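Per-entry structural report
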Amino acid sequence: MTDAGSQSGLPAVLTDLHGRSRTGIRAGWARARGGFALAVQAGVAAGIAWYIAHDLIGRPSPFFAPIAAVITLASSVGQRARRTIELVVGVAIGIAIGDGIILLIGAGPWQIGLVVILAVTVAAAVGGGTPLVVQSASSAILVATLTSGANLPYTRFFDALVGGAVGLVVMTVLLPLNPLTVVRRAADPALAAMTEGLHAVATGMRSDDNDRVRAALEQLRTAEGAFTAFAAAVTAASENIAFAPARWRSRGALAQYVEGAPHLTHALRNVRVLTRRVITALDDNETIPDCLPTSVSFLGDAIELLREEWSRGTEPEATRERALRAAAESGRAYSEGVGFSGGVVVAQVRTTVSDLLRATGINYAEAPRLVRRAVGHHNRPRTTRRKDRPTQPTNAPASPTPPAVGRVEPRDASGSNSV
């Protein structure tokens, strides 16, 4: 029986492995396509940098020029201008220290070690980031091992300056990347992970499956990296739009991503809080009304709709409608009966909906007002706040009670100060 079971399970295992290999190939091909534009930029920039430094300026071996061009293009997105400055400064520090040490005490293994120590220390002292520190150390090593003392130090610094300038020109003028393409490639996996997580939470709530909800929580925690990449891509796209005239026409469509990204990051954190509270509710055997998983599922639908509408460059009206439906469904939980953790879930749904509305362009004050209307806040029991009411001693005679209408402030009566 064991043999039969093994034989019957083998085709399924092979099919699974075959599917994984195809998935891996597709993922690798997608990554290659995504990086091809950067590869072309780097190749063109390196060639131009060498041509300018070697053929036009007459430098015999301007190896710092193509290196600087490639490092400029490969720097962290959204910080290329800053990283280029750090690159040039790092080269200057490394060259100065390397040439100084070699001229004073000669070349050798311990001299190279001393050069690196001094270069890293100086780079850290001037407040440089990782690129400056790395470039200082590597430049000092190159000077100490591969170059002769006959070359003037400023010529190598000039090579780095030429390469950094060429990298920036290629990035912003000759071959600027399409900022919308970059942002969408970063936004899609982030929003898809959040959508899948919310739908998994809703399914776990309906089936009382705590393990499924816990798995969804791990998925949502992992999505933090995708949202970080999304935010970085938005910053990079904003930089490209600012410096690349050929991409100025994309400013309108890009504005949706730029304005919405911070609010979606807040929404992700609120969704994780919501998911943890769902786990607590299931652990405590709280009664969960059917409207709550429906509400969470609508949240997932709203995120998916937002991804689609942003991709088309249209006004996210369907996203707003589905998000407000999520808020309305959550509001029904109070009348159907909900425990303490369930009440927290309702609150987190409302907060997440507010974040989504702000991500679609609704202003800060209007978003919570729309959520309150959707929830039907007037159906919830609430206490009347009385301001500036003096506290009477217990042994003091009670003062005559004024008419009830005299104790209600006009804005309380209209409900405009409700939360």
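For the structure, see preceding data.
Read on for an overview of the structure.

Observations regarding the overall build of the chain
- Secondary structure assignment for the chain yields 15 helices and 0 strands.
- Taking all 419 residues of the chain together, the buried fraction comes to 41%.
- If you take every contact in the chain between residues at least 6 apart in sequence, the share linking residues at least 24 apart comes to 75%.
- For the chain, the exposed area adds up to about 21900 Å²; of that, 60% sits on carbon and sulfur atoms.

Observations concerning the environment of G337
- Inspection of the secondary structure puts G337 in the loop between α12 (333-336) and α13 (340-359).
- Judged by relative accessible area, G337 falls into the partly exposed class, the value being 31%.
- The sequence separation of G337 and T287 amounts to 50 residues, and the corresponding C-alpha distance is 7.8 Å.
- Setting aside chain neighbours within four positions, we find G337 in contact with T287 and P289.

Considering the packing of helix α10 (residues 291-312) against α13
- As a packed pair, α10 and α13 sit with axes 11 Å apart at the nearest point and diverge in direction by 15 degrees. With respect to their mutual orientation, α10 and α13 come out roughly parallel. Here α10 and α13 pass one another in a crossing that is left-handed. In contact with L292, S295, V296, L299, A302, I303 and W310 of α10, α13 contributes G342, V345, V346, V349, T352, V353, L356 and A359.
- For the contact of α10 with α13, the class distribution of residues is 12 nonpolar, 3 polar and no charged.

Topic: the pattern of salt bridges
- Evaluated as defined, the whole model comprises 15 salt bridges.
- D159 is paired through a salt bridge with R59; the nearest N and O atoms lie 2.8 Å apart. Taken together, the positions of D159 in helix α6 (residues 153-174) and R59 in the loop between α1 (2-56) and α2 (64-74) put the pair 100 residues apart, joining distant regions of the chain. Across the pair, R59 and D159 agree in class, each one buried.
- As a salt-bridge pair, R221 and E218 come within 2.8 Å of each other at their nearest N and O atoms. Here R221 and its partner E218 are both found in helix α8 (residues 210-243), 3 residues apart, which amounts to about one turn of the helix.
- Overall, the relative accessible area of 39% leaves R221 in the partly exposed class.
- A relative accessible area of 43% places E218 in the partly exposed class.
- Three or more residues are tied together by salt bridges with common partners; here these are D301, E321, R322 and R325.

Description of the packing of aromatic side chains
- Counted by the stated rule, this structure contains 2 aromatic pairs.
- Their ring planes at 90 degrees and their centres at 6.4 Å tell us that F230 and Y257 sit as a pair that is edge-to-face. You can see F230 sitting in helix α8 and its partner Y257 sitting in helix α9 (residues 251-283), a full 27 residues away along the chain. Here F230 matches Y257 in class, with each residue buried.
- For the ring pair Y257 and W310, a centre distance of 4.9 Å and an interplane angle of 55 degrees mean the geometry is tilted. Of this pair, Y257 sits in helix α9 while W310 sits in helix α10, placing them 53 residues apart in sequence. Accessibility assignment for this pair places Y257 and W310 in one class, buried.
- One aromatic cluster is present, formed by F230, Y257 and W310 through successive ring pairs.

Some points on the nonpolar core
- Counting 56 residues, the largest nonpolar core has F227, F230, L264 and V353 as the members making the most contacts within it.
- Where this core is concerned, the elements lending two or more residues are α7 (179-207), α8, α9, α10, α11 (317-331), α13 and α14 (366-375).
- When residues in this core are grouped by element, the largest group, 12 residues, is from α7.
- What V353 contacts, discounting residues up to four positions off in sequence, is L299, A323, L324, A326, A327 and V371.
- Listed in part, the 11 residues of the second largest apolar core include A69, L73, V162 and V170.

Quick notes on the rules
Residues numbered from 1 in each chain as written. Predicted model: local features only at pLDDT ≥ 70, side-chain atom pairs only at ≥ 80, totals over all residues. Heavy atoms only, no water. Helix = DSSP H or I, 4+ residues; strand = E, 2+ residues; numbered from the N terminus. Buried < 20%, exposed > 50% of the residue type's maximum accessible area, 1.4 Å probe, protein only. Contact = heavy atoms within 4.5 Å. Areas by Shrake-Rupley, 256 points an atom, 1.4 Å probe, with all protein chains shown as cover. Axes fitted to C-alpha atoms, helices over the stretch in contact; angles between N-to-C directions. Parallel < 35°, antiparallel > 145°, perpendicular 65-115°, else oblique. Left-handed = near helix turned anticlockwise from the far one by under 90°. Nonpolar A, V, L, I, M, F, W, Y, C, P; charged D, E, K, R; others polar. Salt bridge = Lys/Arg side-chain N within 4 Å of Asp/Glu carboxyl O. Phe/Tyr/Trp six-rings, centres within 6.5 Å; stacked < 30°, edge-to-face > 60°. Core = buried A, V, L, I, M, F, W, Y, C linked by side-chain atoms within 4.5 Å.

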